[in-house]
Structures are given as structure tokens and as C-alpha cells.
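Topology and contacts: notes
One-letter residues, chain by chain:
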Amino acid sequence: EWVKSAAVHIGDAIFFPKIEKIKSLMEEADAIVVGIGAGMSTSAGFTYSGERFERYFSDFGKKYGITDMYSGGFYPFETLEEQWAWWSRHILYNRYDVKVGKPYADLLRLLAGKNYFVITTNVDHQLQMAGIDKNRLFYTQGDFGLWQYSVPCHQQNHDNEEAVRQMVAQQSEMKIPTELVPYCPRCGEPMMMNLRIDGRFVEDEGWHAAKARYVDFVNNHMDKKVLFLELGIGRNTPVVIQYPFMQMTYRNQKAHYVPVNMEEHKVPDEIADRTIFVIGDIGEVLADLLERE
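A short tour of the structure in this document, coming up.

What counts and how
Here the residue numbers are simple positions, counted from 1 along each chain's written sequence. Side-chain atom pairs in this predicted model are given and counted only at pLDDT of 80 or more, local residue features only at pLDDT of at least 70, and totals for whole chains, interfaces and linings cover all residues. Calculated side-chain values reflect all of the structure's heavy atoms, with hydrogen atoms and water omitted. Comment: elements are numbered from the N terminus, with helices defined as DSSP H or I runs of at least four residues and strands as E runs of at least two. By definition here, a salt bridge exists when the distance from a side-chain nitrogen of Lys or Arg to a carboxyl oxygen of Asp or Glu is within 4 Å. Under the scheme applied here, a residue whose accessible area is under 20% of the maximum for its type counts as buried, over 50% as exposed, and between as partly exposed, the area being computed with a 1.4 Å probe on protein chains only. With a 1 Å grid laid over protein atoms only, a set of points is called a cavity when a 1.4 Å probe fits there but cannot get out and a pocket when it is open yet has protein on both sides within 12 Å along at least five of seven lines; lining residues have an atom within 4 Å of a point. Grid points are joined across faces, edges and corners, and a volume is the space filled by probe spheres set on the points. Three categories are distinguished: nonpolar for Ala, Val, Leu, Ile, Met, Phe, Trp, Tyr, Cys and Pro, charged for Asp, Glu, Lys and Arg, and polar for the others, with Gly belonging to the last. Each pair of strands is called paired provided DSSP finds at least two bridges between the two strands. When the strands point away from the viewer, a crossover counts as right-handed if the route from the first strand across the helix to the second turns clockwise.

So, on to the environment of Ser172. Considering the arrangement of structural elements, one finds Ser172 in the loop between α8 (161–170) and β8 (191–195). Residues Ser172 and Glu54, spaced 118 residues apart in sequence, show a C-alpha to C-alpha distance of 18 Å.

If you want it as C-alpha cells, here you go:
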């Protein structure tokens, strides 16, 4: 049976005692497994609509009727020159020309000196920019900073910063010069983003190594005190982090599950007494946890 957990909202009278409890769980845990989704970057101010969209993509909005950066990534542009004009801007302003969000910096401060591992569905590289140990990170869905081949003819990814900056600098009327369109040097097919949007997603050697480290970390601590801290996981891909976190909490009676989000989701009745659901802004929660160090 699935029931809603007893959630605490920021501003509730019981909020700060719950924060103290979460802080205690972090201190007492043999291991902390952190799952991070899009809500974390939203809390950091990296929104895909509104003012940021108008600042960087108002011309695309007027011409194509695109209303936000997320949906723009799926727009069927007629030419590769238009497609890469869009994507080069998207990459530049969400991956390269952006500062580390405060929630990410605060999280790394909270985890300092602790035994932790982070799994994320985010692709904006914020965790790496914040200084996380790459051996403690599994980025499951790709990275804006990587390109792959669209066939793909081999399992390899490529850094794109230099090419992206050229595309943005040289584009005109929402098109890049034809000579900047990237193609595979082996098969001649166009390159594409290394994002998990279909079955072509390339899981390269680094991806598999990160997955193996994550699996080993979880398996080595399943009979110990583990805190599963979930930050900003939505309902688009719950099978990647959310469901496994709840299942692992169920299997390990010493584990606790702490989701932080703007909306509550259901948890199994069997783990309700080991679940602390905080509804509110992730950045505020992390800042409050830091104040209690």
C-alpha cells in the first residue's frame, strides 16, 4: 500500500526540529547517497522559461513560437544550421557561461568529510563546477558539454566547448555557418547532444566506470546506516533515482529516506516512519542545514 508521508513545509512549526533531525541523520550515517534532479538547478535560479528564456532566446520565440528552453530542444528545425544555432546558445548559457549555483556549493560544504556518493539526472555540469570528487558522481543522463555521433558508429563522446563558442560567436539570423556544423569523421553522419533522449544515447567508458562505482558504493553499505537524500527529483523519470531510493530504504532497516521538493509524492507505508519529506525550496533547506553545523 502506498500512502503519503508526514511531510513538513518550510514555515511549519515543526520545520526546524525536522531540520535538526536531518542534520543528525547526516552526522550519524555511515554513508549518504544523494540523488539530484532538475529541481536543484531550478532552486539555483537556472530556470528554462521566463526572464532567462527571453534574455537568450527571444528571437527563437518570435520566429518559431518556442516558449521555453526545454521544449526548444525538441523543436524540428528544418536545417542543421538552425538546430546548432539553438543548441550552441543553450549549451553556452546553461553549461559554460554560468556560475556555480549556491545550492550546489552549499551541498558540497555539507558533504565535506563525509562518506557520500551522488547520482544525478541533471546535465548542466553544476556538480562538477562546484568541485565534487568525480569518483563520487554518476551523471546518468549525459552532459551539455559532450557531443556524440548520431548513428552512433562507436561509443565515444567529445568535449564541445571550443566549437560551441565559435557557433555562438559566428551565428547570424538564428543560423550558424555551414562549415561549423559538426559531423562524425568516421561515418560522416551529423553529431548530436550526448543526452538520453532516445536509444542512441552513448554510454562511454567514463559513464560505465561511474555506474560501477555507484553500484559498488550502494552494495557495500546496504547493511549500514544509510541516508538517501533526494533533492529536486520530479515525476518525469522516477525510475532512475526516486523508486530505487525508496526500494533500498525498504530493504535496509537502518536506512532513512529524505526527499526535498516543492511537491510531495507518495511513499510506501513500510518506510513512512523512516521518511522525512520536506516541501519547500531546496536552497533554503541546504542553507538551514549549514547553519546548524
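A few words on the pattern of salt bridges. Taken as a whole and judged by the stated rule, the model has 13 salt bridges. Put simply, Lys23 and Glu27 hold a salt bridge, and the shortest N to O gap is 3.6 Å. Residue Lys23 and its partner Glu27 are located together in helix α1 (residues 15–28), separated by 4 residues, close to a single helical turn. Residue Lys23 is classed as buried on the basis of its relative accessible area of 6%. One salt bridge connects Lys102 with Asp106, and the closest N-O pair in it is separated by 2.6 Å. Highlighted residues: Lys102 and Asp106, both in helix α6 (residues 102–111), separated by 4 residues, approximately one helical turn. Here Lys102 falls in the exposed class, since its relative accessible area comes to 52%. A single network of salt bridges, built from pairs that share partners, joins Lys23, Glu27 and Lys114.

What follows concerns the layout of surface pockets. Its volume calculated, the second largest pocket comes out at about 320 Å³. Around the second largest pocket, the lining comprises 16 residues; the ones closest to its centre are Ile119, Phe138, Lys211, Tyr214 and Val240. Of all the secondary-structure elements, those providing two or more residues to the lining of the second largest pocket are α9 (205–219) and α10 (242–251). With 6 residues, α9 is the largest single contributor of residues to the lining of the second largest pocket. The residue inventory of the lining of the second largest pocket, partitioned by class, reads 10 nonpolar, 3 polar and 3 charged.

Where burial is concerned, most of strand β9 (residues 226–231) is hidden: 6 out of the 6 residues are buried. Residues Val226, Phe228 and Glu230 of β9 are buried on one face, and the alternating residues Leu227, Leu229 and Leu231, pointing to the opposite face, are buried as well. Sheet topology places strand β3 (residues 31–36) next to β9; 6 bridges connect them, and they run parallel. The partner of Ala31 across the bridge, within β9, is Val226. Alignment of β9 against strand β10 (residues 256–261), held across 5 bridges, turns out to be parallel. Looking across to β10, one finds that Glu230 is bridged to Pro259. Assessed by its sense of winding, the connection that carries the chain from β9 through α10 to β10 is right-handed.

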